[in-house]
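Okay, here's what each chain looks like letter by letter:
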Amino acid sequence: MIVERLPEHLHEDAVSLWEEAGLTRPWNDPRADLDRALAGPTSTVLAAVEEGRLAGTAMVGHDGHRGWVYYVAVHPSRRGNGLGRELMAAAEGWVAGRGIPKMQLMVRSTNTGTREFYERMGYAVQDTVVLGKFFDPERQARQSG
Ligand SMILES: CC(C)(COP(=O)(O)OP(=O)(O)OC[C@H]1O[C@@H](n2cnc3c(N)ncnc32)[C@H](O)[C@@H]1OP(=O)(O)O)[C@@H](O)C(=O)NCCC(=O)NCCS
């Protein structure tokens, strides 16, 4: 298994994986998220690829202060084999390699099992509340996450 920048021919597979994993929301366009993350120098989408097939993903980036990771997902048939851990290690390496000292991430409160996964990776709940705002009033009215 190799972890590399998500190649173009696996973009649709990544979107399918995120949809299957329940990570997409009607108010977020996963293809636009993907394109933006791949476009700039401070973010990327990492892909675990096995025999040419997409086994997992992690979208990672930094804002100059902290690293953030999104869309961490392993193909259902490959879960429980350490791929999630490998993807998180790759994401952390990507951020640390750019001189950023800390990674943060958000887990939806409904995603209870995943929180334990991150705790196993050494992540701890932070004493903070996340606030957000879409600039488009219509999107702001439709969601909160
Ligand atoms: C969360 C997810 C990425 C984990 O991937 P994975 O490849 O199965 O995880 P790993 O095999 O690397 O597991 C690493 C450790 O976490 C633990 N773990 C993994 N999933 C867990 C779960 N749901 N509940 C509790 N512990 C879990 C494993 O037991 C393992 O522990 P250990 O190394 O201390 O023995 C995968 O279940 C997934 O894709 N879920 C759906 C998408 C999702 O919710 N992503 C997170 C969005 S915030």
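Structure first, text after, so check above.
Every residue gets a number counted from 1 within its own chain, in the order that chain's sequence is written. Side-chain atom pairs in this predicted model are given and counted only at pLDDT of 80 or more, local residue features only at pLDDT of at least 70, and totals for whole chains, interfaces and linings cover all residues.

## A word on the overall build of the protein
Reasoning step 1: The numbering of helices and of strands both runs from the N terminus, where a helix is a DSSP run of H or I of at least 4 residues and a strand a run of E of at least 2. Assigned secondary structure in the protein consists of five helices and five strands.
Reasoning step 2: Walking the protein from its N terminus toward its C terminus, one meets helices and strands in the order β-α-α-β-β-β-α-β-α-α.
Reasoning step 3: Our radius of gyration looks at C-alpha atoms and nothing else; its globule reference is 2.2 Å times the residue count to the power 0.38. Against the 2.2 N^0.38 benchmark of 15 Å for 145 residues, the protein shows a C-alpha radius of gyration of 15 Å, consistent with a compact globule.
Reasoning step 4: When its C-alpha atoms are laid out on the principal axes, the protein stretches across 45 × 30 × 30 Å.
Reasoning step 5: Within the protein, the proportion of its 145 residues that are buried is 23%.
Reasoning step 6: Across the protein, every contact between residues at least 6 apart in sequence was considered, and the portion connecting residues at least 24 apart equals 56%. Between the buried cut of 20 or more and the exposed cut of 12 or fewer other C-beta atoms within 10 Å of a residue's own C-beta lies the partly exposed class, and all C-beta atoms are placed from the backbone. Placing C-beta atoms from the backbone, we regard two residues as in contact once those atoms come within 7 Å.

## Looking at the site of the ligand
Reasoning step 1: The ligand sits among 19 residues. The nearest are Arg 79, Gly 84, Arg 85, Gly 113 and Glu 116.
Reasoning step 2: For the shell around the ligand, the secondary-structure elements that each account for two or more residues are β4 (67–74), α3 (83–96) and α4 (112–120).
Reasoning step 3: Amino acids are sorted into nonpolar (Ala, Val, Leu, Ile, Met, Phe, Trp, Tyr, Cys and Pro), charged (Asp, Glu, Lys and Arg) and polar (every other residue, Gly among them). Residues belonging to the shell around the ligand are distributed by class as follows: eight nonpolar, seven polar and four charged. Using a C-beta atom placed from the backbone, a residue is scored as near a molecule or strand whenever that atom is within 6 Å of it.

## A short note on the nonpolar core
Reasoning step 1: One finds Ala 14, Leu 46, Ala 47, Ala 58, Val 60, Leu 87 and Ala 91 to be the most contacted residues of the largest nonpolar core, which totals 28 residues.
Reasoning step 2: Examining the composition of this core, we find that six residues originate from one element, α3, more than from any other.
Reasoning step 3: What Ala 58 contacts, discounting residues up to four positions off in sequence, is Leu 46, Val 69, Tyr 71, Val 72, Leu 87, Met 88, Ala 90 and Ala 91. We call a set of buried Ala, Val, Leu, Ile, Met, Phe, Trp, Tyr and Cys residues a nonpolar core when their C-beta atoms link them within 7 Å.

## Some remarks on the packing of helix α1 (residues 11–20) against helix α2 (residues 30–39)
Reasoning step 1: Look at α1 against α2: their axes get within 10 Å of each other, and the N-to-C directions meet at 125°. If you check the angle between α1 and α2, you find them oblique. With respect to the hand of their crossing, α1 and α2 are arranged in right-handed fashion. Across the interface between the two elements, His 11, Ala 14, Val 15 and Trp 18 of α1 pack against Pro 30, Arg 31 and Leu 34 of α2.
Reasoning step 2: Looking at side-chain class alone, the contact of α1 with α2 contains five nonpolar, one polar and one charged residues. Every axis corresponds to a line fitted to the C-alpha atoms, with the helix fit spanning only the stretch in contact, and the corresponding angles, defined between N-to-C directions, vary from 0 to 180 degrees. Angles below 35 degrees are treated as roughly parallel, those above 145 as roughly antiparallel, those between 65 and 115 as roughly perpendicular, and all remaining angles as oblique. Whether a crossing is left-handed or right-handed is set by the direction in which the near helix is turned from the far one by less than a right angle, anticlockwise for left-handed and clockwise for right-handed.

## Overview of the pairing of β4
Reasoning step 1: The buried fraction of β4 amounts to six of the eight residues, a majority that puts the element mostly inside the structure.
Reasoning step 2: Judged from the six bridges that link them, strand β3 (residues 53–62) and β4 form a sheet pairing that is antiparallel. For His 62, the partnering residue across the bridge sits in β4 and is Gly 67.
Reasoning step 3: If you look at the hairpin formed by β3 and β4, you'll find four residues sitting between the two strands, and Gly 64 has a positive phi there, around 95°.
Reasoning step 4: Two strands pair if DSSP finds at least two bridges between them. Where β4 meets strand β5 (residues 103–104), two bridges bridge the pair, whose relative direction is parallel.

## Comments concerning the sheet that holds β4
Reasoning step 1: Strands sit in the order β1-β2-β3-β4-β5 across an open sheet of five strands; the sheet is mixed. The strands lining the two open edges of the sheet, one partner per strand, are β1 (2–5) and β5.
Reasoning step 2: Along the sheet face, α1 touches β2 (43–50), β3 and β4 and points at about 85° away from the line of β3.
Reasoning step 3: In this fold α2 packs onto β2 and β3, with an angle of close to 105° to the strand it touches most, β2.

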